[in-house]
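Below are the chains, spelled out letter by letter.
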Amino acid sequence: MAMRRCRNGHFYDDGKHSQCPYCGVGGVDLKMVGRSVGTVGAQPTVAKTPGGHPGKAEVPRKNILSQTEAPPKAHMTPLKAAVVPVEEGKTVGLMRGEKGFDPVVGWLVCIDGPEKGKDYRLQSEKNFIGRASKMDVAIVGDDGISRENHAIISYNPKNNTFKVMPGESRGLVYLNEEEVLAPMDMKDRDILELGKTKLMFVALCSNGFVW
């Protein structure tokens with residue numbers, strides 16, 4: 001048996017292999033190329049002796065070449081950004097229906113309370129205020145505010161007006177120190193108070209601007 005060393009440092013029997021089986025092409029022994037290659041899953045063939053007696057069963061070799069994986073594509077098609085459709089049956093605001101998104105119409109800015117300095121954007125139609133993160137205006141740091149629907153601020157896109165109204169909470173809402181018991185008109189720089197929080201209302205949509 002003559003052992004040969006390939007350029008990568010592997011030793012192999014050159015009487016059995018035409019090149020290094022460790023670093024050959026696709027792991028295929030070139031001496032096997034050209035021989036009859038069996039099909040994967042074929043049944044064993046029983047050879048007969050000259051006397052007609054069955055001999056040793058021969059199992060066909062598997063087709064090694066068919067197992068070679070195709071090389072990866074050099075360039076892959078980039079994925080397109082998914083478009084999330086509006087959930088069927090869900091209520092869509094007028095401005096969202098026209099533009100495909102809810103544009104900002106104003107802000108509330110916390111001027112006193114646990115979240116002093118923070119701002120909250122307002123969108124068209126109803127904006128629900130509460131402590132829960134799912135609220136449109138979520139004031140999470142004030143335990144004097146109900147988790148859901150402590151108050152509601154609405155923007156009417158038809159006449160470009162804002163209103164504030166009480167929600168379903170026991171806690172009161174004040175607009176410029178006046179108790180809110182029914183819908184009340186809001187003007188730019190009005191002060192809203194609920195719990196331990198005071199909010200200044202800043203209108204984007206006003207007499208000088210509408211979407």
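Scroll up to find the structure this text is about.
Everything quoted here is computed from the prediction, not taken from an experiment.

In terms of helices and strands, the protein carries 1 helix and 15 strands. Taking all 211 residues of the protein together, 26% fall into the buried category. Relative to all contacts within the protein whose residues are 6 or more apart in sequence, the contacts with residues 24 or more apart total 33%. Of the accessible surface of the protein, which amounts to about 15100 Å², a share of 53% is contributed by carbon and sulfur atoms.

Reading across from one edge, E8-E7-E9-E10-E13 is the order of the 5 strands in this open sheet, with mixed pairing throughout. Edge strands, defined here as strands with exactly one partner in the open sheet, are strand E8 (137-138) and strand E13 (184-186). Examined bridge by bridge, strand E7 (residues 125-130) and E8 share 2 bridges and lie parallel to one another. Among the inter-strand pairings, Gly130 is bridged to a residue of E8, identified as Ala138.

Looking now at the pattern of salt bridges. By the definition in use, this model includes 5 salt bridges. Between Asp143 and Lys196 there is a salt bridge whose closest N-O contact spans 3.2 Å. One end of the pair, Asp143, is in the loop between E8 and strand E9 (151-156); the other, Lys196, is in the loop between strand E14 (191-194) and strand E15 (197-203), with 53 residues separating them in the sequence. The same class applies to Asp143 and to Lys196, which are both exposed. Here Asp185 makes a salt bridge to Lys163, at a shortest N to O gap of 2.5 Å. Note that Asp185 is positioned in strand E13 and Lys163 in strand E10 (residues 161-166), a separation of 22 residues in sequence.

Below, the discussion takes up the environment of Ala182. Tracing the sequence through the fold places Ala182 in the loop between strand E12 (178-179) and E13. With 18 residues separating them along the chain, Ala182 and Val164 place their C-alpha atoms 8.2 Å apart. Other than its neighbours up to four places away in sequence, Ala182 contacts Val164 and Pro166.

Here we come to the pairing of E10. By the bridge criterion, 6 bridges tie E9 to E10 in an arrangement that is antiparallel. Residue pairing across strands places Ile153 opposite Val164, the latter belonging to E10. A loop of 4 residues connects E9 with E10, the two strands running antiparallel in sequence, and Asn160 in this loop sits at a positive phi of about 60°. In this structure, E10 lies alongside E13, joined through 3 bridges in antiparallel fashion. Looking at E13, one finds that Phe162 is bridged to Met186.

On to the packing of aromatic side chains, then. For the structure shown, the criterion picks out 3 aromatic pairs. Between the aromatic rings of Tyr155 and Phe162, the centroid separation amounts to 4.8 Å while the plane-to-plane angle is 45°, which identifies the pairing as tilted. Phe162 carries the same exposure label as Tyr155, and that label is buried. Within the aromatic cluster, the residues linked to one another by ring pairs are Tyr155, Phe162 and Phe201.

About the cut-offs
- Residues numbered from 1 in each chain as written.
- Predicted model: local features only at pLDDT ≥ 70, side-chain atom pairs only at ≥ 80, totals over all residues.
- Heavy atoms only, no water.
- Helix = DSSP H or I, 4+ residues; strand = E, 2+ residues; numbered from the N terminus.
- Buried < 20%, exposed > 50% of the residue type's maximum accessible area, 1.4 Å probe, protein only.
- Contact = heavy atoms within 4.5 Å.
- Areas by Shrake-Rupley, 256 points an atom, 1.4 Å probe, with all protein chains shown as cover.
- Pairing = 2+ DSSP bridges.
- Salt bridge = Lys/Arg side-chain N within 4 Å of Asp/Glu carboxyl O.
- Phe/Tyr/Trp six-rings, centres within 6.5 Å; stacked < 30°, edge-to-face > 60°.

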